[in-house]
Amino acid sequence: KSSPVDLIPGPPSPSWFYGHMIQLLLPKYYGEYEYKWQERYGGVYLLKGPFSQNRLMISDPAALKFVLNDTATFERSTQQQAIVEMLIGRNAVFYVQGDDHRRIRNIMNNAFSPSSIRELPPIFKTIAEKVAEKLEAKIADAPSQSSGALIDIYHTIHSATLDGVGEGAIGYTFDALDNKDSVLGNSHQNIMYAVMINSWQSTTTYTYASSSSTMSGVRTKPDIVFEGIVPFFNKTLLQLAFSLPTRAFNALRHNRTTSAKVSAELIDNQVEALDMGITTRKDLLHVMVKGNRSAKASAKMSNAEMQEQIPSLMIAGQDTTGNTISLALIELGRDHQLQDAIRKELAEAYSETNGNLTYSKLESLLLFNAFLKEVLRLHPGLPMSDRTVAKDTIIPLSRSIYNRNGARISEIPVSAGQHIIVGTASYNRLTSIWGPDAQEFRPSRWLKSSHNIPKDSFGPFAGLATFLGGPRTCIGWRFALTEFQVMLSVLILRFRFTLPKDSPVREVLAVTLAPANEKNEFGLPLLVERLED
Ligand code: HEM
C-alpha cells in the first residue's frame, strides 16, 4: 500500500532485508552514513527499515518540536515499549502514557528540581575522589617511573556513574568503584550487557565483578531484524518470547525479580526513615517518597509504580552519563590547549572557593560549560530515538523540501503506524542552526555573544536535542550536567589526559553512544598523568 511519505526523497536502499539499518545502526563509526545523508537530503528524508518498511528520519527543528510536543499522536515506538516492558515493566516512566505519565512525571519532576540537584555535588565529589585514587594507584603500579600511565578508564568511569546514580538518585550504595558486589549492581549489569550485546542469542552472562573484561557492545544483524519484526508481534507472542529459556531472557527475568525486591526494600526504608522523622537524606528517591506522601490521593504514585521508577532511573542514568564523560575525556585528550585553558579556569575557581566548588560556582564557569555544551552537542548519549504515529496528522517543516515529483512542500502528511526516527545527533549538527562549521568540535562557539539559541529549538538545555523535549524530556538532564561538572572538574584538576596518536577508539552505537576499539570492545585507553598539586 502506498503511503504519503513514499514521495519523500532519501538515499537508495542497499538491501530489501535490512534496508538502511546496517548503515544507520552499525557503521564503522557512528554517523558515517547518517551525517552524509543529512548533508545531501536535509532535515527530513526517507529511509528503509527491515523488510523495507518506511522510516521517516527527522532532524528539521520545527518538525522535531511538533513530534516531541504531541506525545498523544507520536507515541514511543512499539519496539521501545516492548523492550522497556521486558526490562522493567508497564509502570516505568518510559512506558506509561497520557494521564498516568503526567501524574508520575509530576512527582518525579519535583525530585529532579534544581533545589534537590543543588544538594548533589558533595555526593559526586566523593565518587570523583575515588576515581582519582584509582587512577593514582594505577599510575603508581605502572612499570615506568614516570608520572603517567596508559589506563583504560572506561570501566572505572562506568562504575563511577553507577555509584553516582545509586547514591544521588535512588539512595542505594553500589560501591562499584570499590569492586564490591551488590545484588542490584550484579543484576543490572547482567541485563545491560544482555540487551546491548545480542539480546536474543547471548550465551554468556557477565557478572558485574568481572566488568573490567571487555566485551562487544554493538548490535548485531539479528538484533536489527528482530527490531523490525517486533511491531508485527502481538502481545501474546512477545510474552511467549519473553518466557524462552535463553540466557539473555533468564537475565532479564532475574533482573526484574531482583530489582523489584530491592526497590521495594529501598522504598520501605525511606518510608520508615520518614516515619522516624529523618528528613535529611539528599538522594532524589527521598524527595520522591516525601513528595508522594504529601500529594493528594489522585496525584500519588502507587507503591508498584514507585518501585518501577528505581530500575528506570538506573538504566537511564548510568550508561548515558558514563559514556558522555568518556567521550568528553577523548575531546580533552585530543586538545591540550583546550584542556589547559579549562584547567586554568577551574584552578582559579577552586582557589577562590577554597576547594569547595558549589553548584552555582560550577555553573558560572564560562569555558568549562561551553566545553560541556559542545560535548553534549556532538556526542549526544542517545543519538536517536523512535516514535510511532498513533493517528494521521501533518508534520510542519521549518525549511521546505522538494518531493520526488519535484514539488516544493513545507509539510508532510503521515499516517497512523508510520515509524519515525528522531534524529537527535543529526539535529545537533544542522548547519542551518549551528553554522557551516557544525561538524567541528569548537567550544568557543558558545562563548560568542552573538550565539543565539535557535528559534525553533526545544528541549531543556542550550537548544540542543540531546535531552529531547516536550513532555518526555529527559528528567535527568540537570542531574547529568551536575555530575559532569563535578566529576570532570576533579579529574581535570588532578590529571592530564592524552589520547594516543594511534588510538583505535571510535564512537559506536550500543543503545547509547560509546567508545569502542576496532574489535567492538568498549574501552578507552588514555595516557593519564598526575599533575603537581
Ligand atoms: C548525558 C546523559 C543523558 C542523556 C543524553 C539522556 C537522554 C535522554 C533522552 C534522549 C530521553 C528521551 C528518550 C525518548 O523518549 O525517546 C531521556 C529520557 C529519560 N531520561 Fe535521560 N539522559 C541522560 C541522563 C539521564 C539521567 C542521569 C537520568 C536519571 C538519573 C535520566 C533519566 C531519564 C528518564 C527517567 C527518562 C524518561 C522520561 C519520560 O519518558 O518521561 N537521564 N533521556
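Residues numbered from 1 in each chain as written. Predicted model: local features only at pLDDT ≥ 70, side-chain atom pairs only at ≥ 80, totals over all residues. Heavy atoms only, no water.

Caption draft 1: Spatial organisation of the overall build of the protein chain. When helices and strands are counted, the protein chain shows 21 helices and twelve strands. The buried share of the protein chain, taken over its 533 residues, is 58%. Within the protein chain, contacts between residues separated by at least 24 positions form 74% of all contacts whose residues are at least 6 apart in sequence. Surface accessibility of the protein chain: about 22,100 Å² in total, with carbon and sulfur atoms responsible for 53%. (Helix = DSSP H or I, 4+ residues; strand = E, 2+ residues; numbered from the N terminus. Buried < 20%, exposed > 50% of the residue type's maximum accessible area, 1.4 Å probe, protein only. Contact = heavy atoms within 4.5 Å. Areas by Shrake-Rupley, 256 points an atom, 1.4 Å probe, with all protein chains shown as cover.)

Caption draft 2: Main features of the site of the ligand. Close contacts around the ligand come from 29 residues, with His101, Arg105, Ser385, Arg472 and Cys474 the closest. Note that an oxygen atom of the ligand is positioned 3.3 Å from one of the side-chain N or O atoms of Arg76. The side chain of Arg105 places a nitrogen or oxygen atom 2.8 Å from an oxygen atom of the ligand. Classifying every residue of the shell around the ligand gives 14 nonpolar, eleven polar and four charged. (Near = heavy atom within 4 Å. Polar contact = N/O pair within 3.5 Å; in protein donor to acceptor, adjacent residues only side chain to side chain. Nonpolar A, V, L, I, M, F, W, Y, C, P; charged D, E, K, R; others polar.)

Caption draft 3: The arrangement of the environment of Thr78 in detail. Mapped onto the elements of the fold, Thr78 is located in helix 4 (residues 78-87). On a C-alpha basis, the gap between Thr78 and Gly417 in space is 9.7 Å, while along the polypeptide they are 339 residues apart.

Caption draft 4: Region of interest: the packing of helix 18 (residues 366-378) against helix 21 (residues 477-494). For the pair helix 18 and helix 21, the least separation of the axes is 11 Å and the interaxial angle reads 120°. In terms of axis orientation, helix 18 runs oblique to helix 21. In the crossing of helix 18 with helix 21, the sense of the turn from one axis to the other is right-handed. Contacts between helix 18 and helix 21 involve Phe368, Asn369, Leu372 and Leu376 on the former and, on the latter, Leu481, Phe484, Gln485, Leu488, Ser489 and Ile492. (Axes fitted to C-alpha atoms, helices over the stretch in contact; angles between N-to-C directions. Parallel < 35°, antiparallel > 145°, perpendicular 65-115°, else oblique. Left-handed = near helix turned anticlockwise from the far one by under 90°.)

Caption draft 5: Structural detail: the confidence of the model for the protein chain. Within the protein chain, residue pLDDT values average 87, and 87% of them lie at 70 or more. Here residues 197-216 is modelled with pLDDT under 50, and outside its nearest four sequence neighbours on either side it reaches 50 contacts, counting other chains as well. (pLDDT = per-residue confidence, 0-100.)

Caption draft 6: Just the coordination of the iron atom of the ligand, in detail. Counting protein donors around the iron atom of the ligand gives one, Cys474 (SG), at 2.3 Å. Within the element layout of this structure, Cys474 appears in the loop between helix 20 (431-434) and helix 21. (Donors = N, O, S within 2.8 Å, 3.2 Å for Na, K, Ca; no water.)

Caption draft 7: Seen up close, the packing of helix 15 (residues 319-334) against helix 18. Between helix 15 and helix 18, the least distance of the axes is 10 Å, while the angle of their chain directions is 115°. Viewed along their axes, helix 15 and helix 18 adopt a mutual orientation that is roughly perpendicular. Between helix 15 and helix 18 the crossing geometry is right-handed. Facing helix 15, whose interface residues are Thr324, Ala328, Glu331 and Leu332, helix 18 presents Phe371, Val375 and Leu376. Considering only residue class, the contact of helix 15 with helix 18 consists of five nonpolar, one polar and one charged.

Caption draft 8: Local environment of the pairing of strand 5 (residues 385-389). Across the five residues of strand 5, five count as buried, placing the element largely inside the fold. In the sheet, strand 3 (residues 74-76) pairs with strand 5 via three bridges, with the strands oriented antiparallel. Counted as the bridge partner of Phe74 is Val389 from strand 5. Where strand 5 meets strand 8 (residues 419-422), four bridges bridge the pair, whose relative direction is antiparallel. Each bridged residue has a counterpart across the sheet, and for Arg387 the counterpart in strand 8 is Ile420. (Pairing = 2+ DSSP bridges.)

Caption draft 9: Region of the structure containing the side chain of Asp175. Along the chain, Asp175 turns up in the loop between helix 8 (154-170) and helix 9 (183-196). Excluding its chain neighbours within four sequence positions, the residues that come into contact with Asp175 are Lys130, Asp163, Glu167 and Lys180.

Caption draft 10: Local environment of the sheet that holds strand 4 (residues 148-152). Sheet architecture is open: three strands sit in the order 4-12-9, paired in antiparallel fashion. Each end of this open sheet is capped by a strand with a single partner; those strands are strand 4 and strand 9 (495-498). The average undirected angle you get between the axes of adjacent strands in this sheet is 30°. Examined bridge by bridge, strand 4 and strand 12 (residues 525-530) share five bridges and lie antiparallel to one another.

Caption draft 11: Focus on the packing of aromatic side chains. All told, the structure shown has 18 aromatic pairs when counted by the stated rule. Residues Trp37 and Tyr45 carry aromatic rings whose centres are separated by 6.2 Å and whose planes lie at 70° to one another, so their mutual orientation is edge-to-face. Pair check on accessibility: Trp37 and Tyr45 agree, each one buried. Taken together through their ring pairs, the aromatic side chains of Trp16, Phe17, Tyr18 and Phe51 make up a single cluster. A cation sits over an aromatic face here: Arg40 above Tyr41, 4.5 Å from the ring centre. (Phe/Tyr/Trp six-rings, centres within 6.5 Å; stacked < 30°, edge-to-face > 60°. Lys NZ or Arg CZ within 6 Å of the ring centre and 35° of its normal.)

Caption draft 12: Broad picture of the pattern of salt bridges. Within the structure shown, the criterion is met by 22 salt bridges. Between Arg494 and Glu136 there is a salt bridge whose closest N-O contact spans 3.5 Å. Taken together, the residues span a long stretch of sequence, with Arg494 in helix 21 and Glu136 in helix 7 (residues 121-141) at a distance of 358 residues. Among the ionic pairs, Arg343 bridges to Asp340, the shortest N-O distance being 2.9 Å. Of the two residues, Arg343 and Asp340 are both situated in helix 16 (residues 336-352); the distance of three residues between them amounts to about one turn of the helix. Salt bridges sharing common partners tie together Glu374, Arg377, Asp437, Arg442 and Arg445. (Salt bridge = Lys/Arg side-chain N within 4 Å of Asp/Glu carboxyl O.)

Caption draft 13: Expanded view of the nonpolar core. Formed by 139 residues in total, the largest nonpolar core has its most connected members in Leu56 and Ile170. Counting residues per element, this core draws most heavily on helix 21, which supplies eleven residues. If sequence neighbours within four positions are ignored, Leu56 has contacts with Val5, Ile8, Val44, Tyr45, Leu46, Ile412, Val414, Gln418, His419, Ile420 and Ile421. (Core = buried A, V, L, I, M, F, W, Y, C linked by side-chain atoms within 4.5 Å.)

Caption draft 14: Summary view of helix 15. Compared with an ideal rise of 1.5 Å per residue, which puts 16 residues at 22 Å, helix 15 spans 22 Å between its outermost C-alpha atoms and is within 8% of the ideal. Counting buried positions along helix 15 yields 15 of 16 residues, so the element is predominantly enclosed. (Expected span 1.5 Å × (residues − 1).)

Caption draft 15: Layout of unusual backbone geometry. Although it is not a glycine, Phe51 sits at a positive phi angle of roughly 55°. Mapping Phe51 onto the fold places it in the loop between strand 1 (44-48) and strand 2 (54-58). Overall, the relative accessible area of 25% leaves Phe51 in the partly exposed class. For Asn354, which is not glycine, the phi torsion reads 55° and is therefore positive. The topology assignment puts Asn354 in the loop between helix 16 and helix 17 (359-363).

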